[in-house]
Amino acid sequence: MFSFGVMASGGGSNFKALLEKVQDGSLRAKCAFLIVNNGDCGAVQIAKEFGVPTFHISGKTHPEQLEYEEALLGVLSNHPVDLLLLAGYMKKIPDSLIQALPERILNIHPALLPKYGGKGFWGMNVHRAVIENHEKQSGPTVHLVTSEIDKGRILAQTPVPVLEGDSPEELAARILQQEHRLYWKTILDYAKTLKLIP
Ligand code: GRF
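Described below are features of the structure shown in this document. (Residues numbered from 1 in each chain as written. Predicted model: local features only at pLDDT ≥ 70, side-chain atom pairs only at ≥ 80, totals over all residues. Heavy atoms only, no water.)

**A look at the pattern of salt bridges**
1) Next: Following the criterion strictly, the structure yields 4 salt bridges and no others.
2) Next: Here Glu 135 makes a salt bridge to Lys 115, at a shortest N to O gap of 3.0 Å. Taken as a pair, Glu 135 in the loop between α5 (124-132) and β6 (137-138) and Lys 115 in the loop between β5 (105-109) and α5 lie far apart in primary sequence, 20 residues in all.
3) Next: Of the residues examined, Lys 115 reaches a relative accessible area of 47% and is grouped as partly exposed. (Salt bridge = Lys/Arg side-chain N within 4 Å of Asp/Glu carboxyl O. Helix = DSSP H or I, 4+ residues; strand = E, 2+ residues; numbered from the N terminus. Buried < 20%, exposed > 50% of the residue type's maximum accessible area, 1.4 Å probe, protein only.)

Written as C-alpha cells, this is what we have:
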C-alpha cells in the first residue's frame, strides 16, 4: 500500500477514475488529499463523494508566490505521500515542490509527447493543433514532472487514432477514455519500480 495526493483544476474525471480503482482494489493505494486552485471545480465535488480531504490553494487564497508555495509544502508535510499526481492541474508546479518530491510527481497529458506539449498546449488547443497538422494518431502520455513543462521522462503512452472529420471535442473525448485506463496502471507500475509495493 502506498499513498498519493492529487492536484486538479477541472472536471476531475481522471481523479475520479483513480479513486474508483482505489475503491475496487485495483490500485493498492490511499488518496491522502486533493489540492485545487479553483474552489468551484468538479474535482472538489468528487473528493466530497469519496471523502478525500481537499485544500484550495491559489493566487486568490495566497496572493504572494512565497505564501502559495509554503501552503503547498504545508499540505505535504501534514499529509506525507509517496506520489503526487497531477490530474488536469492548470498551474505550473513550483520548483520548491518538485525539489521536495524528486521523481515522485506524475502528470497526464492528452497528446503523444514530446509533440504537442509545453507552453500553450493545454485543453482544446492540443487537439486543435493535432487535427490541423493532419496527425494520424494522438493519445495520452504519463510523464514525470520537472521544472520544464511536459518535458519529464515519459512513463507510458496510448496511441489513439485521429479519425477523418474529428472535431477537437470528439478527439478529446476519445483520448480521455484512454487516459482513465492508462493513468492508474502506469501509477501502479511506477510504484512497483520504486518498490513502494511488491
Ligand atoms: C485531461 O485531458 C488531462 O490529460 C489534462 O487535463 C485534462 C483533465 O481532465 N492534463 P479531467 O479534469 O481529469 O476530466
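**Regarding helix α1 (residues 13-23)**
1) Next: Regarding α1, the residues found buried are Asn 14, Phe 15, Ala 17, Leu 18 and Leu 19.
2) Next: Lining the buried residues of α1 we find β1 (2-8), β2 (29-36), α2 (42-50), β4 (83-86), β5 and α6 (168-193). (Contact = heavy atoms within 4.5 Å.)

**Brief notes about the site of the ligand**
1) Next: Lining the immediate environment of the ligand, one finds Gly 10, Gly 11, Gly 12, Ser 13, Asn 14, Gly 88, Ile 108, His 109, Pro 110 and Glu 179.
2) Next: Computed on the free molecule, the ligand has an accessible area of 370 Å², of which 78% lies beneath the protein chains in the complex.
3) Next: Counting residues per element, the ones that place at least two in the shell around the ligand are α1 and β5.
4) Next: Here the residues of the shell around the ligand sort into 2 nonpolar, 7 polar and 1 charged. (Near = heavy atom within 4 Å. Areas by Shrake-Rupley, 256 points an atom, 1.4 Å probe, with all protein chains shown as cover. Nonpolar A, V, L, I, M, F, W, Y, C, P; charged D, E, K, R; others polar.)

**Section: unusual backbone geometry**
1) Next: For the peptide bond that leads from Leu 113 to Pro 114, omega is 10°, which places it in the cis range.
2) Next: Note that Pro 114 resides in the loop between β5 and α5.
3) Next: Phi is positive for His 134, close to 55°, though the residue is something other than glycine.
4) Next: The residue His 134 is located in the loop between α5 and β6 in this model.
5) Next: For Lys 195, which is not a glycine, the phi torsion comes out positive at approximately 60°.
6) Next: Taking relative accessible area as the criterion, Lys 195 reaches 72% and is therefore assigned exposed.

**Side note on the sheet that holds strand β3 (residues 54-56)**
1) Next: Spatial strand order, β3-β2-β1-β4-β5-β7-β8: 7 strands in an open sheet with mixed pairing. The open sheet has two edge strands with one neighbour each: β3 and β8 (154-157). In this sheet, adjacent strand axes meet at a mean angle of 20° when their direction is disregarded.
2) Next: Note: β5 against strand β7 (residues 141-144), 4 bridges, orientation antiparallel. Paired with Leu 106 across the two strands is Leu 144, which belongs to β7.
3) Next: Sheet strands touched by α1: β1, β2, β4 and β5. Its angle to β2, the strand with the most contacts, is close to 160°. (Pairing = 2+ DSSP bridges. Axes fitted to C-alpha atoms, helices over the stretch in contact; angles between N-to-C directions.)

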